[in-house]
Amino acid sequence: MHMNSAPHLLTEDRPEYERILDDALRHAHERPDLAAVGERLNPVQLRTMAMAATALITATAATEYEHYVKAREELRAATAGADQDAAGLIGADGPGGSGAGLGAVVTVLAPVLAGTAAMIFLLVGYILKMLSSPPSFAGTMVSAGWVFVALTAAAILIAAAGLLIAALRNGSTSLAAEDPGEELPEDVARAREAWRHALLERGILPFLRDALADPGAAPAARTPYPSANRIPKIGYSRPDFSSPDDGPAAAPRPTFTSPDFTSPDFGGPEHEMD
């Protein structure tokens, strides 16, 4: 992104542009300069024209937008660096630097191993009890099987609680990333608000006023979908590309006539018939 060129509106910021535009159209009746909304052009027509002129409108707040994007990228880079440092510290804990990984493996495998042990002990214990002379350790195996059943239930509850906590933590993180709101640092929040204000005051509102003041705008009921060539100009115009002049009128082309071929005159006096 260069300082001497207007930054292109990023995809993640397009919904914000649409929200500002919709809010301006929703409260247009509160502004005297937009009182003609619904008479010459309705909100749907104005929104269609503004969406078609997104590049022209956002260029009016290019400086503020560039500052906002730069501040946001710096924040994301700092956050990513802090996350990597935290991941490195967590991975360094425990033998071999795998403390967090070992805990996750134990949490996942504990219910499986305990359930398998419970099934084996209960199955073998009850089979031995069905014999005519059951051995003395048959009851011990059944008791051990029920102990493993309790351990399986406890391991499942612990694993479910861990998954729920992780899901809630990831959900809150993603929501904070999608809608930072007041959680943004002061410099980023200030840059974002400056871009919003400049986009509204120098881009969207002048565009709507020019569209309503356009003498070529027909009544709203007759033109539900305005064409793109009727987009008003907001303080500057696009380059006017025109074909070069054809120059002075060309001289008339010479005309050519075919030669007048006539048959030889065989009727001369020397050929007269006697």
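From a predicted model like this one, the values you see are computed outputs, not experimental measurements.

## Quick look at the overall build of the chain
From N to C terminus, the chain includes seven helices and zero strands. Listing every helix and strand of the chain by position from the N terminus yields α-α-α-α-α-α-α. Split into buried and exposed, the 274 residues of the chain put 26% on the buried side. For the chain, contacts bridging at least 24 residues in sequence account for 77% of all contacts bridging at least 6. About 19,200 Å² of surface is accessible on the chain, with carbon and sulfur atoms providing 62% of the total.

## Focus: the packing of aromatic side chains
Within the structure shown, the criterion is met by three aromatic pairs. Ring centres of Tyr68 and Trp195 lie 5.8 Å apart, and the angle between their planes is 10°; on these two criteria the pair is classed as stacked. One end of the pair, Tyr68, is in helix H4 (residues 62–92); the other, Trp195, is in helix H7 (residues 186–213), with 127 residues separating them in the sequence. When sorted by exposure, Tyr68 lands in the same class as Trp195, which is buried. Where Phe121 meets Phe148, the ring centres are 5.5 Å apart and the plane angle is 10°; that geometry is what we call stacked.

## Focus: a nonpolar patch on the surface
Residues Met119, Ile120, Leu123, Val124 and Ile127 make up a contiguous nonpolar surface patch of about 460 Å² in total accessible area. In this structure, Leu123 sits in helix H5 (residues 99–129).

## Remarks on the packing of helix H1 (residues 14–26) against helix H2 (residues 43–52)
Close contact between H1 and H2 brings their axes to 11 Å; oriented N to C, the two are set at 150°. Between H1 and H2, the angle is such that the two are roughly antiparallel. For H1 against H2, the interelement crossing comes out right-handed. Seen from H1, the contacting residues are Arg14, Tyr17, Glu18, Leu21, Asp22 and Leu25; seen from H2, they are Pro43, Leu46, Arg47, Ala50 and Met51. Here the residues of the contact of H1 with H2 are counted per class, giving seven nonpolar, no polar and four charged.

## Quick word on the pattern of salt bridges
Within the structure shown, the criterion is met by 15 salt bridges. Of the charged contacts in the structure, one is a salt bridge between Arg192 and Glu16, with a shortest N-O distance of 3.6 Å. Residue Arg192 is located in helix H7, and its partner Glu16 is located in helix H1; the two are separated by 176 residues in the primary sequence. Salt-bridge contacts for Arg26 lead to Asp23; the nearest nitrogen and oxygen are separated by 3.4 Å. Of the two residues, Arg26 and Asp23 both sit in helix H1, three residues apart, roughly one turn of that helix. Members of the salt-bridge network, linked through shared partners, are Glu16, Arg19, Arg192, Glu193 and Arg196.

Quick notes on the rules
Residues numbered from 1 in each chain as written. Predicted model: local features only at pLDDT ≥ 70, side-chain atom pairs only at ≥ 80, totals over all residues. Heavy atoms only, no water. Helix = DSSP H or I, 4+ residues; strand = E, 2+ residues; numbered from the N terminus. Buried < 20%, exposed > 50% of the residue type's maximum accessible area, 1.4 Å probe, protein only. Contact = heavy atoms within 4.5 Å. Areas by Shrake-Rupley, 256 points an atom, 1.4 Å probe, with all protein chains shown as cover. Phe/Tyr/Trp six-rings, centres within 6.5 Å; stacked < 30°, edge-to-face > 60°. Patch = residues over 30% accessible without salt bridge, like charges linked within 9 Å, V, L, I, M, F, W, Y side chains within 5 Å. Salt bridge = Lys/Arg side-chain N within 4 Å of Asp/Glu carboxyl O. Axes fitted to C-alpha atoms, helices over the stretch in contact; angles between N-to-C directions. Parallel < 35°, antiparallel > 145°, perpendicular 65-115°, else oblique. Left-handed = near helix turned anticlockwise from the far one by under 90°. Nonpolar A, V, L, I, M, F, W, Y, C, P; charged D, E, K, R; others polar.

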